[in-house]
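A closer look at the structure
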Amino acid sequence: MNEPIFEANDLSRSFTVGSSPFRDLANHFLHDRQPTVLRAVDNVSITLAEGETLGVVGESGCGKSTLARLIAGILPVSSGERRFRGEAYESLLARKRDALKIQMVFQDPLSSLNPRLRVGEIVGEAAVLHGVVPRAKVKDYVVEILARVGLPADSVGRYPHQFSGGQRQRVGIARALAVKPQMLICDEAVAALDVSVQAQIINLLMDIKRDSGLAMIFISHDLGVIRHLCDRVAVMYLGRVVELAKTSELFASPTHPYTRMLLEGMPKISMQRRKFMPIQGEIPSPLNPPAGCHFHPRCPIATDHCREIRPELREIKPGHMHACLNIEAR
Amino acid sequence: MNIADFQDFARRFAESRSAVISLAVSVLFIVCAVFAPLLAPTDPYDLTQLQLSDALKPTGSKRMLPGEEVRANIRVDGGTASVQPASPTPTRLSIVASPCGPNCLAVGVEPPDAKLASLQVRNLPAGATVEGGRKHPIQPWWTLDNPDSNQARITSAGPLPAGLTLLAIAKSLEQETGFVFRLGTDNFGRDMLSAILYGIRISVYVGLVAAGAAMVLGTALGLLAAWRGGVADAVIMRAVDFMLGLPALLVGLAILAILGNGVSKVVLAVVIVQWSYYARTARSFAISELGKEYVEAARCLRLSPVRIMLRHVLPNCMPQIIVLFTLNIAAAISMESSLSFLGVGLPLTRPSLGMLIASGYEFIFSQKYWISIYPGIVLLVMIVAMNLLGDRLRDLNNPRLDR
Amino acid sequence: MSKAFFQVDDLNTWFFTRKGTIKSVRDISFDVSRGEVLGIVGESGSGKSVTGMSIMGQIDEPGRIVSGSISLNGEELTKLDFEEMRRYRGNRIAMVFQNPLMTLNPLMRVRDQMYEAIGAHEDVPRNAMHKRCIEALRAVGIPSPEERLNAYPHEMSGGMRQRVVIAIALLLGPDLIIADEPTTALDVTIQAQIIYQIRRQIDERGLGMIWITHDLSTLSELADRIMVMYAGAMMEIGTTEEIIGGARHPYTRKLLDSVPSRNVPGEKLKQIPGNMPSLMALGEGCPFASRCERVTEICREPVPATQLSDTHRIWCLHPFEN
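Each chain carries its own residue numbering, running from 1 in the direction its sequence is written. Throughout, the order in which chains and ligands are written sets their labels, letters from A for the former and numbers from 1 for the latter. Side-chain atom pairs in this predicted model are given and counted only at pLDDT of 80 or more, local residue features only at pLDDT of at least 70, and totals for whole chains, interfaces and linings cover all residues.

Let's shift gears to the overall build of chain A. When helices and strands are tallied, chain A shows 11 helices and 12 strands. Relative to the 2.2 N^0.38 estimate, which gives 20 Å for 330 residues, the radius of gyration of chain A is 21 Å and therefore close to what a compact globule would have. We call two residues in contact whenever the C-beta atoms placed from their backbones are within 7 Å. In chain A, of all internal contacts separated by at least 6 residues, the share reaching a separation of at least 24 is 66%. Numbering of helices and strands starts at the N terminus; helices are DSSP runs of H or I of at least 4 residues and strands are runs of E of at least 2. With the radius of gyration taken over C-alpha atoms, the globule rule is written as 2.2 Å times the number of residues to the power 0.38.

Before going further, it helps to spend a moment on the overall build of chain C. Tallying secondary structure elements over chain C gives 10 helices and 12 strands in all. Taking 322 residues into account, the globule formula puts the C-alpha radius of gyration at 20 Å, and chain C, at 20 Å, falls close to it. Seen along its three principal axes, the alpha-carbon backbone of chain C occupies a region of about 65 × 50 × 40 Å. Each residue is classified by how many other C-beta atoms fall within 10 Å of its C-beta atom, where C-beta atoms are placed from the backbone; a count of 20 or more means buried, 12 or fewer means exposed, and values in between mean partly exposed. Relative to its full complement of 322 residues, chain C shows a buried share of 48%. Long-range pairs, those at least 24 residues apart, make up 66% of the contacts in chain C between residues at least 6 apart in sequence.

With that out of the way, let us pick up the nonpolar core. In this usage, the nonpolar core is the set of buried Ala, Val, Leu, Ile, Met, Phe, Trp, Tyr and Cys residues whose C-beta atoms join them within 7 Å. A:Ala174, A:Ile217, A:Val235, B:Ile196, B:Val270 and C:Ala167 are the most contacted members of the largest nonpolar core, which has 266 residues in total. Per-element tally for this core: the top contributor is helix H4 (residues 192-228) of chain B, with 18 residues. The residues contacting A:Val235, other than those within four sequence positions of it, are A:Val57, A:Gly58, A:Val241, A:Val242, A:Glu243, A:His256, A:Tyr258, A:Thr259 and A:Leu262. In this structure, B:Ile74, B:Leu93, B:Leu160 and B:Ala168 belong to the second largest nonpolar core, which totals 25 residues.

Another point: the sheet that holds strand S10 (residues 151-156) of chain B. Residues and elements named next belong to chain B. Strand order across the open sheet formed by four strands is S4-S5-S10-S7, with antiparallel pairing between neighbours. At either margin of the open sheet sits one strand with a lone partner, and together these are strand S4 (94-101) and strand S7 (128-130). Across the sheet, the axes of successive neighbouring strands diverge by a mean angle of 20 degrees, strand direction being ignored. For two strands to be treated as a pair, DSSP must find no fewer than two bridges joining them. Inspection of the sheet shows strand S5 (residues 104-110) paired to S10 by five bridges, in the antiparallel sense. By the bridge assignment for S10, cysteine 104 is matched with threonine 155. For every element, the axis is a line fit to its C-alpha atoms; helices are fit only across the contacting stretch, and the angle between N-to-C directions ranges from 0 to 180 degrees.

Moving on to the packing of helix H3 (residues 110-119) of chain C against helix H4 (residues 126-139) of chain C. Residues and elements named next belong to chain C. With their axes 10 Å apart at the nearest point, H3 and H4 run at an angle of 110 degrees to one another. Considering the angle they form, H3 stands roughly perpendicular to H4. Crossing of H3 against H4: the hand is right-handed. Contact residues: Arg111, Met114, Tyr115 and Ile118 in H3; Met129, Arg132 and Cys133 in H4. Gly is placed with the polar residues, together with every amino acid not listed as nonpolar (Ala, Val, Leu, Ile, Met, Phe, Trp, Tyr, Cys and Pro) or charged (Asp, Glu, Lys and Arg). For the contact of H3 with H4, a count of residues per class yields five nonpolar, no polar and two charged. Note on angle classes: values under 35 degrees are labelled roughly parallel, values over 145 roughly antiparallel, values of 65 to 115 roughly perpendicular, and the remainder oblique. Here a crossing is taken to be left-handed if its near helix is turned anticlockwise relative to the far helix by less than a right angle, and right-handed if that turn runs clockwise.

What follows covers helix H10 (residues 353-361) of chain B. All names here are of chain B. Among the nine residues that make up H10, eight are buried, leaving the element largely enclosed by the rest of the structure. Taken residue by residue, H10 has Leu353, Gly354, Met355, Leu356, Ile357, Ala358, Ser359 and Gly360 as its buried positions. Buried residues along H10 sit in contact with H4, helix H9 (305-341) and helix H11 (370-397).

Residues and elements named next belong to chain C. If you check the domain split of chain C, you get domain 1 (4-92 + 174-314) and domain 2 (101-173). Here the limits of each domain have been adopted from an automatic or database domain assignment. A straight line from the C-alpha centre of domain 1 to that of domain 2 covers 29 Å. Contacts between domain 1 and domain 2 engage 14 residues on the former and 15 residues on the latter. In terms of residue count, helix H7 (residues 188-205) provides more of the side of domain 1 that touches domain 2 than any other element does, six residues in total.

The subject of this paragraph is the interface of chain C and chain A. Across the boundary between the two partners, chain C contributes 39 residues, which contact 34 residues of chain A. Of all the secondary-structure elements, those providing two or more residues to the side of chain C that touches chain A are helix H6 (158-171), H7, helix H8 (216-222), helix H9 (240-246) and helix H10 (250-257) of chain C. The dominant element in the side of chain C that touches chain A, judged by the number of residues it contributes, is H7(C), at eight residues. Its residues assigned to classes, the side of chain C that touches chain A comprises 14 nonpolar, 16 polar and nine charged.

Before going further, it helps to spend a moment on the environment of C:Leu222. Residue and element names in this part refer to chain C. For leucine 222, the location among the structural elements is in helix H8. For leucine 222, a count of 24 C-beta atoms within 10 Å gives the class buried. Sequence separation between leucine 222 and arginine 199 is 23 residues, and the spatial gap between their C-alpha atoms is 7.0 Å.

Turning our eyes to something else, we now look at the UniProt feature "domain: ABC transporter" (unreviewed entry) in chain C. UniProt positions are given in the numbering used here, feature names are shortened, and annotations may be inferred rather than shown by experiment. Mapped onto this numbering, the UniProt entry annotates "domain: ABC transporter" (unreviewed entry) at residues 6-256 of chain C. Between the end C-alpha atoms of residues 6-256 of chain C there is a gap of 28 Å, over a span that is 39% helix and 29% strand.

Let's shift gears to the sheet that holds strand S3 (residues 80-85) of chain B. Residue and element names in this part refer to chain B. With respect to topology, six strands assemble into an open sheet ordered S3-S2-S11-S6-S9-S8, the strand pairing being antiparallel. Only two strands of the sheet have a single partner each, and these edge strands are S3 and strand S8 (134-135). Note that strand S2 (residues 69-77) and strand S11 (residues 164-172) share eight bridges and pair antiparallel. In the sheet register, valine 70 faces S11, and the bridge partner there is alanine 170.

Most of the time, phi is negative for any residue but glycine, and the peptide bond is trans. Note the cis peptide between B:Glu110 and B:Pro111, where omega equals -10 degrees. Mapping B:Pro111 onto the fold places it in the loop between S5 and strand S6 (116-122). Omega for the peptide link from C:Glu61 to C:Pro62 comes to 5 degrees, which places this bond in the cis form. Residue position: C:Pro62 is located in the loop between helix H1 (48-56) and strand S4 (63-72). Although it is not a glycine, A:Asn43 sits at a positive phi angle of roughly 50 degrees. Structurally, the position occupied by A:Asn43 is in strand S2 (residues 36-49). One non-glycine residue, C:Glu181, lies in the positive phi region at around 50 degrees. Its place among the elements puts C:Glu181 in the loop between strand S7 (176-180) and H7.

Moving on to the confidence of the model for chain C. Any region with low pLDDT has predicted coordinates that should not be read closely. Summary statistics for chain C give a mean pLDDT of 90 and a share of 99% for residues scoring 70 or more. Complex prediction metrics read pTM 0.83 and ipTM 0.90. pLDDT expresses, on a scale from 0 to 100, how confident the predictor is about each individual residue.

Residues and elements named next belong to chain B. Where helix H5 (residues 230-245) contacts helix H7 (residues 263-290), the axes come no closer than 9 Å and their chain directions differ by 130 degrees. Of the possible angle classes, the one that applies to H5 and H7 is oblique. Regarding H5 and H7, the two cross each other, and that crossing is left-handed. Taken together, the residues of H7 that come into contact with H5 (itself represented by Ile236, Met237, Val240, Met243 and Leu244) are Val273, Ser276, Ala279, Arg280 and Arg283. Residues of the contact of H5 with H7, tallied by class, amount to seven nonpolar, one polar and two charged.

Strand residues, when the strand is regular, have side chains that alternate between the two faces of the sheet. Residues and elements named next belong to chain C. Across the six residues of strand S3 (residues 36-41), six count as buried, placing the element largely inside the fold. Across the two faces of S3 the burial is the same, with Glu36, Leu38 and Ile40 and Val37, Gly39 and Val41 all buried. Of the pairings in the sheet, the one linking S3 to strand S8 (residues 208-213) comprises six bridges and is parallel in character. Its bridge partner lying in S8, glutamate 36 is registered against glycine 208.

Turning our eyes to something else, we now look at the environment of B:Arg311. All names here are of chain B. Examined against the element boundaries, arginine 311 turns out to sit in helix H9. Here arginine 311 falls in the partly exposed class, since 17 other C-beta atoms lie within 10 Å of it. Once the C-alpha coordinates of arginine 311 and asparagine 261 are considered, the two residues, 50 residues apart in sequence, prove to be 39 Å apart.

Below, the structure written as structure tokens:
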């Protein structure tokens, strides 16, 4: 594999729930109960090669959206390091022009666009402010970017609410492209769209990737979309990566029990009514995850030491890693 | 907001008739405030125009010219009579005298149609009488009461002695003028209509300036709290809680008790009370906006925090803040009036609506209702109109109440 | 095919807004039999949710049912007044929404909400109520139902809440349950569990169910019959085999083809170009005409239904051959 464009080592991010300066002060003196700590992202290490698309899949509360924001550099880490082309984020983010190389596309096509700004300003604002394009030429530039995402030139003067969901998502993509990024993070970018529109946006993202060689991190709960778009997939469960493999390999021979369960639960278009496996158990609250392997209460093959030992992500086959104590390479 | 959006907004606004009326009333009040000096028949701030005889006059009464007393010495010399005015101050009436026959002298007033209470001639020689007059029991003074002709005819048996000097004293009745006190007068004889118009001017000024200044200050602090979070947020919001915990009027009273009265001090008091509402509203809406993805997108585009707050977050909080502004204008007006009513707001010489209500308060049980009632109605209408306007704007802002 | 107990005929539900008339539902006809799940699939704006709300009698101003008939066990529902409809709701027809918090009162314990639901329609002693609640919760696969009865909605996960809502829907033994995107907001593993439980209840109790969703994959695994809607109109209706395996309508085909798992990974997805037309500016003809590749001049005229088999009906003048 060639030099990675992005690298994360032992990335963690915790949130303190129900904390405020005064309450902290009171707790300090009164020895009140400790505020609850939510470990949204827990020691995650991933790399992304040039031109690669990495999928991150997981259910709600698994920390995939927090991971997206850590990688985008809009949320500080609690511990661990992030590197873009070998440079640590701390120095990269100080130089705004270079930090623009990492961009993000968001889930909600409506709330991700400022309702009070016209599309022309939404797309062109940052490009002008950071000197990507001179102010005098910004209008032509925006029209050109809009054309790339399949929007007509007269969109410039319109407001987000005048567009359909799919068109809004195109505006969101145009906004990211306008500052010439090298890495694009898509956080559930097609989750809120109808099937036919979803296909249009997925195709658009694939076109952009093919034309510009962007590296992409694609975050989704939808295994079908991930399978279609990504080269490699990381499966997350309660803040941790439990399996990481090439897409084809992961879908053909998943090794981690959670991944298997996820794939079994994935609805498929089939002619006959499915015999549903009654999968047992709820996703535990991320506020109070089980000790040891987070998955052990739902795992069919859990043993006693799963309750105590945290499994580390390890390579079981070349390029295929998982975090399970009980399953070895087959 | 483009033109089509504005038209749509206006159409939705107009669906509520009470809101349209409120808007019209509010505009009317602002016009009154701006053009008060042109609209008001008198200048209530000009103390020299006041006359105590006009005090506490009911609605529709006319301004009265008070009656006056004119004195003149009349020197009779043979067939002629010369008049020398003897009043200490200039008078509207003057006394004239002319012979009316060999043994006759007519004493009258100019103008002849003036209504007189009495006309008295003193120092008549023995034997001379005034026709239809009544003689003083002791003195040689003859008096005509309510004379119809405004003329005293002095007749005597023989010719009047040469060198005789008579003293004529004419007392006129009160006289109506054309000036009508449409809403009556207060206890200083001030025209209530003018006082109310100038009072509206003060109320609107205090309302707009105070609520506006509070909006700028409070919104800035609210945005700061939302953006910085942590200690700054905690300190600002505890200050807000503290301010909201105190009764507004009490705070205003305390501030004015320390600073003394005056328009700028009332404005300051209102700002100190009201900034907390804006801070709380701006913070809560800014926090909800900051949680939206477009703000994350702006961060990802590495825009500066100041730009994100002012260009992206603030415009999206503005509708709520403007609603609060409308409602707070009414609150500021009401607070100014309350403070003035309590006697700490504005000086006596610059009556606001609240003070007019207060000054009429002591007469209201002696049936002199107009001093309190008219400013009270105006204040009520103004505050209700502003509140209805604010409510309508708030409803239009709430998409759940609108289809 | 067993006899249908629930029928909708030529239903039209329109919204009369300031900006014009939105014809959200146009000439919809279908029926549901006992023990059957009818899936209604469509994209946003297809009118699938409005269809559900029309059946529930929950169309608010400025909308109303313009024409058509809805009948349950032979009784006409569109003629009922508000009070009669209220008795029908929950009792004979129950509805489950996408967001369980729309149904659950956050300030009431699960038990009280369930008691209230029973008490609104029947006079039952408390211990009998309790037994029924426990049974209903168990039926939807809620572990330790005694404990859950005392919980507040916020103390449960999204999946648990949705199960409670379904349990409440089952409480009064309705004939028909209408579920509007009930599992869309849930994670796949939870979704699979709930679908399993619902299917079992339908089969055991012989209920009818209308499952409204945009997700063809879920439907293909759950539904007995599928109805495809587009821009307020029916496109195709048939058994799951007929729709998934042998769709004849160009829209249904396109919709199936745009699902990623039916495409070769890494290749471009087959997509439907363009956007759904505005519901205010629809002509007489096929609403899909503007995006259809098989369109001809006659598609601008009203399209009659074509009966392809006992169960398979289609509204298209240029259907695919099988």
